[in-house]
Amino acid sequence: MTILVFVGALIGAMGLGIPIAFALLLSGVALMLHLDVFDAQILAQSLVNGADSFPLLAVPFFMLAGEIMNAGGLSRRIVTLAMALVGHIRGGLGYVTIMAGCIMGALSGSAVADAAALTALMLPMMVAAGHDKARSAGLIASAGIIAPVLPPSIALVIFGVAGNVSIARLFMAGIVPGLLLGVMLWLAWWWLVRSERVEAKARCSKAEIRQAVRQSSWALGLPVLVVVGLRFGIFTPTEAAVAAAVYALAVSMLVYRELSWRDLFQVFIGAARTSSVIMFLVAAAMVSAWLITVAQLPVQIVALLEPVLEHPKLLMLAIMLLVLVIGTALDQTPCILLLTPVLMPVIKAAGIDPVYFGVMFVLNTSISLITPPVGTVLNTVAGVGKVGIDSVIRGIGPFLLALFGLLMLLVAFPQIVMVPGAWLYG
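Note that this is a predicted model, so its numbers are computed, not measured. (Residues numbered from 1 in each chain as written. Predicted model: local features only at pLDDT ≥ 70, side-chain atom pairs only at ≥ 80, totals over all residues. Heavy atoms only, no water.)

### Details of the overall build of the protein
What counts is decided by this rule: The secondary structure listing takes helices from DSSP runs of H or I that are at least 4 residues long and strands from runs of E that are at least 2 residues long, numbered from the N terminus. In this setup the radius of gyration rests on C-alpha atoms only. A globule is expected at 2.2 Å times the number of residues raised to 0.38. Summary of the burial criterion: residues with accessible area below 20% of their type's maximum are buried, those above 50% are exposed, and those between are partly exposed, where the area comes from a 1.4 Å probe applied to protein chains only. Surface accessibility in these figures is a Shrake-Rupley result with a 1.4 Å probe; residues are shielded only by whichever protein chains are displayed.
On a plain count of helices and strands, the protein comes out with 21 helices and zero strands. Expected size for 426 residues packed as a compact globule is a radius of gyration near 22 Å; at 21 Å, the protein falls within 12% of this value. In terms of overall dimensions, the protein has C-alpha extents of about 70 × 45 × 45 Å along its principal axes. Out of the 426 residues in the protein, the part that is buried amounts to 54%. Here the protein displays about 17800 Å² of accessible surface, and carbon together with sulfur accounts for 67% of that area.

What follows is the structure, given as structure tokens:
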């Protein structure tokens, strides 16, 4: 009955068109009334405490670093570098998009920001070169979701806080799956582009490649700064976010000189708006998480799933399929915040490594960013690229199949995630 009250209140509120943060609060209130523990002061205190977290400070600073990166010319130089390296291959603009998605994902940690930048930079070029517009938009949307898996990932930060899991370990474990996302998209594009009659661009000279590497070297230093700093314990993930923001600001204003003091105000405003949405979601979800614990919902779910706890891979497969379905209706952040406190006790009872589960969970919810009808990245690409959402959905189909294949592969072979992650973390 307790589960029905919580889920019913949440779905009912969302069905009425209430924003997800307020829907989470309403479902929390409904649960409090059902348990006869309603207290406005406890509600307000839980809401404040939900956002009062030092690790969560990484979110606004990584968001700021991403805004500065896009406004300060770092994104454009990454695309130029990828163009110089692989632009001459048949279907080269698609490979450029995938490479740029990997590199930019290691800079910003935000799928929406990367998808918007890639759409503005790459979609007109791909259409002008003769590529199908819907397929190009689908590839760009797919490349955009690499960001939440590769460090510095905002989604991994949120999961780490919600699940009480080491964010540094999550970052290290996310490197290989993030790169494998790029590999799967590369293979899917290679298969698709064989049927397109698009002439390759001329190969760049060695001098042009050296120039592209030289111009992008400062931008490439940002992910190195974050990964090396975390690997050797120089700073915490929150301190890494501050270092990334300061580094991006210094490069944009002092080296590339494409960001003026006048532009800086708008950059801060943009980062503040996006961060406020995420932080309010986190605060509202923490109210529900506290009540879920009080109502002992995880204990009930563990009891229901007890027959499959001895089969971790089967359990992971069932959870991944469940999350895929839920992800079609919920955005990534509320999906993580809502399901993490429910699923973590189940995962621990089955003996599954929380770091492995965290990376898989974030990978799964990242795929949900490009699954209709809610897919945030789908809508971002459609809006920025002025493409019909139905066209983007049609173009994204082959890439979704490749990503689903990767998800199943990592469920079957968890060592692909854990062995490199343990080595990187030391």
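### Overview of the packing of aromatic side chains
For any pair of aromatic rings, geometry is given as the distance between the ring centres together with the angle between the planes. Selection criterion: Put simply, two rings from Phe, Tyr or Trp (the six-membered ring, in Trp's case) pair if the centres are within 6.5 Å, and we call them stacked under 30 degrees between planes, edge-to-face over 60, tilted for the rest. Lysine and arginine charges are scored as sitting over a ring when NZ or CZ, respectively, is within 6 Å of the ring centre and within 35 degrees of the ring normal.
Inspection of the entire model under this criterion finds seven aromatic pairs. Feature note: the residues F159, F357 and F361 constitute an aromatic cluster, connected by ring pairs. Across the ring face of Y256, the terminal group of R77 is positioned such that the distance to the ring centre comes to 3.7 Å. Above the plane of the ring of W191 lies R194, whose end atom (NZ or CZ) is 3.8 Å from the centre.

### Quick notes on helix 16 (residues 312-327)
Selection criterion: Every helix has an expected span of 1.5 Å times one less than the residues it contains. Residue contacts are counted whenever heavy atoms from the two residues lie within 4.5 Å of one another.
The end-to-end C-alpha separation of helix 16 is 22 Å, in line with the 22 Å expected for 16 residues at 1.5 Å each. All of the buried residues along helix 16 are L315, M316, I319, M320, V323, L324 and G327. Buried residues along helix 16 sit against helix 17 (332-349), helix 18 (354-367) and helix 20 (389-412).

### Brief notes about the environment of V255
Relative to the elements of secondary structure, V255 occurs in helix 13 (residues 237-255). Sequence-wise, V255 and I278 are 23 residues apart; in three dimensions their C-alpha atoms are separated by 31 Å.

### Overview of the packing of helix 16 against helix 20
Our working rule: Axis lines are fitted to C-alpha atoms, over the contacting stretch for helices. Their N-to-C directions set the angle, which ranges from 0 to 180 degrees. Put simply, angles under 35 degrees are roughly parallel, angles over 145 are roughly antiparallel, angles from 65 to 115 are roughly perpendicular, and the rest are oblique. The handedness criterion is simple: a crossing whose near helix is rotated anticlockwise from the far helix by less than a right angle is left-handed, and one whose near helix is rotated clockwise is right-handed. Polar here means any residue other than Ala, Val, Leu, Ile, Met, Phe, Trp, Tyr, Cys and Pro, which are nonpolar, and Asp, Glu, Lys and Arg, which are charged; Gly is therefore polar.
The interhelical angle for the contact between helix 16 and helix 20, taken along N-to-C directions, is 155°, at an axis separation of 9 Å. Of the possible angle classes, the one that applies to helix 16 and helix 20 is roughly antiparallel. In this structure, the crossing between helix 16 and helix 20 has a hand that is right-handed. Where helix 16 approaches helix 20, its residues K313, M316, L317, M320 and L324 are matched on the opposing element by F404, L407, M408, V411 and A412. Per-class residue counts for the contact of helix 16 with helix 20 are nine nonpolar, no polar and one charged.

### Observations concerning the pattern of salt bridges
A pair can form between side chains of opposite charge whenever their charged atoms are brought close. So the rule is basically this: Any carboxyl oxygen of Asp or Glu within 4 Å of a side-chain nitrogen of Lys or Arg constitutes a salt bridge here.
Counting across every chain of the model gives three salt bridges. E258 is the salt-bridge partner of R77, the closest N and O atoms lying 2.8 Å from each other. Taken as a pair, R77 in helix 5 (residues 74-86) and E258 in the loop between helix 13 and helix 14 (261-294) lie far apart in primary sequence, 181 residues in all. Looking at E258, the relative accessible area reads 31%, which means it is partly exposed. Several salt bridges converge on common partners, so that one network encompasses R76, R77 and E258.

### Re helix 12 (residues 206-231)
Heads up, the rule is: A residue's bend is the angle separating two fitted axes: one through the seven residues that end there, the other through the seven that start there.
Residue S217 marks the point of greatest curvature in helix 12, where the axis turns by about 50°. Every buried residue belonging to helix 12 is among A212, S216, A219, L222, P223, V226, G229 and L230, and all of these are buried. Where the residues of helix 12 are buried, they touch helix 5, helix 6 (92-108), helix 10 (167-173) and helix 13. Looking one or two residues beyond helix 12, the residue adopting positive phi is G233, at roughly 70°.

### Some remarks on the nonpolar core
Put simply, the rule is: The definition of a nonpolar core used throughout is a set of buried Ala, Val, Leu, Ile, Met, Phe, Trp, Tyr and Cys residues joined through side-chain atoms within 4.5 Å.
Grouped together as the largest cluster of nonpolar side chains are 145 residues, with contacts concentrated most on V59, F159, M316, F357, I370 and V377. The leading source of residues in this core is helix 14, at 13 residues. If near-sequence neighbours (up to four positions away) are discounted, F357 is found in contact with F159, M316, I319, M320, L343, M344, I347 and I352.

### What to know about the environment of G174
Mapping G174 onto the fold places it in the loop between helix 10 and helix 11 (175-193). Judged by relative accessible area, which is 0%, G174 ranks as buried. In this structure the C-alpha to C-alpha distance between G174 and V355, which are 181 residues apart in sequence, comes to 9.3 Å.

### Description of the packing of helix 4 (residues 58-71) against helix 9 (residues 154-163)
It is at 10 Å that the axes of helix 4 and helix 9 come closest, and there the two elements cross at 180°. Compared by their axis directions, helix 4 and helix 9 come out roughly antiparallel. Contacts between helix 4 and helix 9 involve A58, V59, F62 and M63 on the former and, on the latter, I154, V157 and I158. Class assignment of the residues belonging to the contact of helix 4 with helix 9 gives a composition of seven nonpolar, no polar and no charged.

### Observations regarding the environment of A51
Within the secondary structure layout, A51 lies in helix 3 (residues 40-51). On the accessibility criterion, A51 (29% relative accessible area) is partly exposed. Spatially, the C-alpha atoms of A51 and I175 are 27 Å apart, while their sequence positions differ by 124 residues.

### A closer look at the confidence of the model for the protein
So the rule is basically this: A residue's pLDDT is simply how confident the predictor is in it, with values from 0 to 100.
Taken as a whole, the protein shows an average pLDDT of 84; of its residues, 95% reach a score of 70 or greater. When the elements of the protein are averaged for pLDDT, helix 15 (residues 297-304) gives the smallest value, 69, and helix 18 the largest, 94.

### Topic: the state of the cysteines
The following threshold applies: Working definition: a disulfide is two cysteine sulfur atoms within 2.5 Å of each other.
Under the definition given, this model contains zero disulfides. Summary of cysteine pairing: C102 is not part of a disulfide, and the nearest cysteine sulfur, belonging to C204, is at 20 Å.

### Quick word on a nonpolar patch on the surface
Where we set the bar: Within the patch definition used here, like charges are joined within 9 Å and nonpolar side chains (Val, Leu, Ile, Met, Phe, Trp, Tyr) within 5 Å, considering only residues with over 30% relative accessible area and no salt bridge.
Taken together, the side chains of V224, V228, F232 and I234 present a nonpolar region at the surface, about 410 Å² in accessible area. Locating V228 in the fold gives a position in helix 12. V228 sits in the partly exposed class, given a relative accessible area of 36%.

### Focus on the side chain of T119
Counted only if it meets this: Counted as a polar contact is a pair of N or O atoms within 3.5 Å, where, for protein atoms, one must be capable of donating a hydrogen and the other of accepting one, and residues adjacent in sequence contribute only when both atoms are in side chains.
As for its position among the elements, T119 is in helix 7 (residues 111-128). Residue class for T119 comes out buried when judged on its relative accessible area of 2%. Of note is the side chain of T119, whose polar atom sits 2.6 Å from the backbone oxygen of A115.

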